[in-house]
Amino acid sequence: MLVQLLLSFTVLFPLQSDDPLAQYRKDAVARWETDIQALEQLDRTETDPERAVLFLGSSSIRRWDSIAQDMAPYPVIRRGYGGAKYSDLAVFIDRLVKSHKFSAAAIFVGNDVAGKEDDKSPEEVLRLVRICVAQIHEHQPHAAVFLISITPTPARFAAWDKIKQVNATLAKYCNAEEGLHFINTADEYLNSQGKPIAEYFGDDHLHQNQAGYQVWSRIIKDGLRSALPTQRSDANWKQNY
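It should be emphasised that the depicted structure is a prediction, and the values quoted were computed from it without experimental measurement. (Residues numbered from 1 in each chain as written. Predicted model: local features only at pLDDT ≥ 70, side-chain atom pairs only at ≥ 80, totals over all residues. Heavy atoms only, no water.)

**Points about the pattern of salt bridges**
A full pass over the atoms with the stated rule returns 13 salt bridges. Here R79 makes a salt bridge to E46, at a shortest N to O gap of 3.3 Å. Of the two residues, R79 sits in strand β2 (residues 76-80) while E46 sits in the loop between α2 (22-45) and β1 (53-57), which places them 33 residues apart along the sequence. On the accessibility criterion, R79 (2% relative accessible area) is buried. (Salt bridge = Lys/Arg side-chain N within 4 Å of Asp/Glu carboxyl O. Helix = DSSP H or I, 4+ residues; strand = E, 2+ residues; numbered from the N terminus. Buried < 20%, exposed > 50% of the residue type's maximum accessible area, 1.4 Å probe, protein only.)

Structure representation (structure tokens):
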């Protein structure tokens with residue numbers, strides 16, 4: 001009888017989870033565990049450069065094959081995967097950063113708002129970003145953190161108004177917190193009519209092509225320069241940073 005009463009109570013009043021990511025964790029592990037394990041294998045086989053910028057995020061980071069050359073003299077660690085959302089990045093953030101020593105982290109995630117029914121609100125994206133930033137600073141307390149704005153793409157331009165709200169929320173968050181920096185890339189991806197510049201994107205109208213990456217690289221590197229020590233040469237930067 002007591003067991004039945006306890007079961008009935010649990011059904012009527014389910015226990016509250018202390019896990020702030022409980023609603024996302026199961027799906028994130030089911031979809032991305034293999035990818036995260038592959039990145040952890042890289043952690044075991046690659047040697048990180050000193051004073052690196054750790055780049056985290058979705059496929060735009062994963063597909064950025066020229067990142068080392070584009071970001072020089074800033075040495076980089078690249079840990080992007082698939083169609084990452086902030087909801088699963090927050091689940092895996094500890095595993096993605098704990099093996100690294102870095103002087104700054106840069107994050108690009110563009111999939112939480114895509115014009116679908118399960119799009120997140122700006123407030124929920126911000127909550128997840130805060131979790132990611134907290135984990136980064138737990139491992140590297142003095143690391144600068146850069147949030148790269150979501151890019152306007154032809155494939156998702158119908159959701160651009162919602163995406164702009166997310167970008168504005170993240171920019172406000174960065175402006176209010178010491179050591180956080182927002183890199184706005186959107187303006188240079190829109191033409192004079194306010195539409196995405198198609199020449200910067202591949203056949204899927206979502207991922208950038210080489211021309212797009214050239215623009216992206218320049219903006220991001222300028223953003224790093226605005227907050228990290230100015231460098232005149234690779235040697236000078238490594239010595240002073």
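**Some points on helix α7 (residues 160-176)**
An ideal rise of 1.5 Å per residue puts 24 Å on 17 residues; α7 measures up with 24 Å between its terminal C-alpha atoms. Those residues of α7 that sit buried are W160, I163, V166, N167, L170, A171, Y173 and C174. End-on, the buried residues of α7 take up no more than an arc of 160°, which puts them together on one face. Every exposed residue of α7 that faces more than 90 degrees away from the buried side is listed here: D161, K172, N175 and A176. (Expected span 1.5 Å × (residues − 1). Arc of directions from axis to C-beta.)

**Concerning the packing of helix α6 (residues 122-139) against α7**
A packed helix pair is summarised by two numbers, namely the angle formed by the two axes and the spacing between the axes. Where α6 meets α7, the axes come as close as 9 Å, and the angle between the chain directions of the two elements is 40°. When the axes of α6 and α7 are compared, the pair comes out oblique. For α6 against α7, the interelement crossing comes out right-handed. Every residue of α7 that contacts α6 at P122, V125, L126, V129, R130 and V133 is listed here: Q165, V166, T169, L170 and Y173. Along the lines of polarity and charge, the residues of the contact of α6 with α7 split into 8 nonpolar, 2 polar and 1 charged. (Axes fitted to C-alpha atoms, helices over the stretch in contact; angles between N-to-C directions. Parallel < 35°, antiparallel > 145°, perpendicular 65-115°, else oblique. Left-handed = near helix turned anticlockwise from the far one by under 90°. Contact = heavy atoms within 4.5 Å. Nonpolar A, V, L, I, M, F, W, Y, C, P; charged D, E, K, R; others polar.)

**Re the side chain of S217**
You can see S217 is positioned in helix α8 (residues 210-227). Residue S217 is classed as buried on the basis of its relative accessible area of 6%. Among the polar contacts listed, one links the side chain of S217 to the backbone oxygen of Y213, at a separation of 2.6 Å. Here S217 is in contact with W64, D70 and M71, once residues within four sequence places are set aside. (Polar contact = N/O pair within 3.5 Å; in protein donor to acceptor, adjacent residues only side chain to side chain.)

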